[in-house]
Amino acid sequence: MKKFLLSIFILLFFSLVVYADGRQEALDFFNNYVNAANTYSNSIVDMYSPNAVIIRQVVKPDGTTANAYTDTATYLRQMRLSSAAAKVKKYKNTYRNITVTPVDRGYKISSERQPSGETYWLKTYQIIKKQPDGKWLITEEMMQTKVQTFLRYVKD
């Protein structure tokens, strides 16, 4: 009986260690993502799965929201184009209230994002998953925005 209980204890201990390590790896990935985005690094495009779900949730002036979806290739193309303008304007995002939660598809990293020059905070999350080769990729991303031009991409 003692051996059985000891085995259970060891199994639980190592499960917690692996769980904690996965959360830390996910958080490290997110911090690398933030750094890449805020330094306008081209490496950011390699952080997305080719078939990631990309959602821009438009916050309308009345406070309601609408989701605009795009495919990864289009999103990354737009990101490359806007990067030069962002660099000139020294645009950056600040993040707070970062949480890492295990989900069926990997880890969900939720936070609030403040665009440079703004006083408001917007919700955001990414679902990231470790690939068989050990590389982490964003498989889903939702970022709120107050940019109303994204409404043209909303499909009812």
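For the structure itself, look to the data block above.
S.K.: Mind showing me how you'd approach the pairing of strand β6 (residues 136-145) here?
M.R.: Each regular strand displays side chains that alternate between the two surfaces of the sheet. In terms of burial, β6 is a largely internal element, 9 of the 10 residues being buried. Note: strand β1 (residues 48-59) against β6, 7 bridges, orientation parallel. In the strand pairing of β6, I54 is matched with E141. Sheet topology note: the strand β5 (residues 122-130)/β6 ladder contains 7 bridges and is antiparallel. Directly across from Y125, in β6, lies its bridge partner M142. Between β5 and the antiparallel strand that follows it, β6, lie 5 residues; G134 among them carries a positive phi value of about 95 degrees.

S.K.: Would you take a moment to explain the layout of surface pockets for this structure?
M.R.: Sizing a probe to match a water molecule and rolling it over the atoms shows the empty space that remains. Roughly 1,100 Å³ of volume is contained in the largest pocket. Residue lining of the largest pocket: 40 residues in total, with Y75, M79, S82, Y91 and N93 positioned closest to the centre. Where the lining of the largest pocket is concerned, the elements lending two or more residues are α1 (2-38), β2 (65-70), α2 (72-89), β3 (93-103), β4 (106-115) and β6. Broken down by element, the lining of the largest pocket gets its largest block of residues, 10 residues, from α2. Here the lining of the largest pocket is composed, by residue class, of 21 nonpolar, 12 polar and 7 charged.

S.K.: For this particular structure, what's the right way to read the side chain of S49?
M.R.: Examined against the element boundaries, S49 turns out to sit in strand β1. Among the residues examined, S49 registers a relative accessible area of 8% and is labelled buried. Engagement of the side chain of S49 in a polar contact is seen with the side chain of N51, the distance being 2.6 Å. When residues no more than four places from it in sequence are discounted, the contact partners of S49 are T72, L137, I138 and T139.

S.K.: Would you mind going over the pattern of salt bridges with me for this structure?
M.R.: Oppositely charged side chains are able to pair whenever their charged atoms sit close together. Tallied over the full model, the rule gives 4 salt bridges. Residue R56 is joined to E141 by a salt bridge in which the shortest nitrogen-to-oxygen separation is 2.8 Å. Taken together, the residues R56 in strand β1 and E141 in strand β6 connect sequence positions 85 residues apart. Per residue, the accessibility class of R56 equals that of E141, and both read buried. When the shortest N-O distance is used, the salt bridge between R96 and E112 registers 2.6 Å. Residue R96 is located in strand β3, and its partner E112 is located in strand β4; the two are separated by 16 residues in the primary sequence. For R96, a relative accessible area of 34% puts it in the partly exposed group.

Definitions and cut-offs
- Residues numbered from 1 in each chain as written.
- Predicted model: local features only at pLDDT ≥ 70, side-chain atom pairs only at ≥ 80, totals over all residues.
- Heavy atoms only, no water.
- Buried < 20%, exposed > 50% of the residue type's maximum accessible area, 1.4 Å probe, protein only.
- Helix = DSSP H or I, 4+ residues; strand = E, 2+ residues; numbered from the N terminus.
- Pairing = 2+ DSSP bridges.
- 1 Å grid on protein atoms, 1.4 Å probe; cavity = no way out; pocket = protein on both sides within 12 Å on 5 of 7 lines; lining within 4 Å.
- Points joined across faces, edges and corners; volume = space filled by probe spheres on them.
- Nonpolar A, V, L, I, M, F, W, Y, C, P; charged D, E, K, R; others polar.
- Polar contact = N/O pair within 3.5 Å; in protein donor to acceptor, adjacent residues only side chain to side chain.
- Contact = heavy atoms within 4.5 Å.
- Salt bridge = Lys/Arg side-chain N within 4 Å of Asp/Glu carboxyl O.

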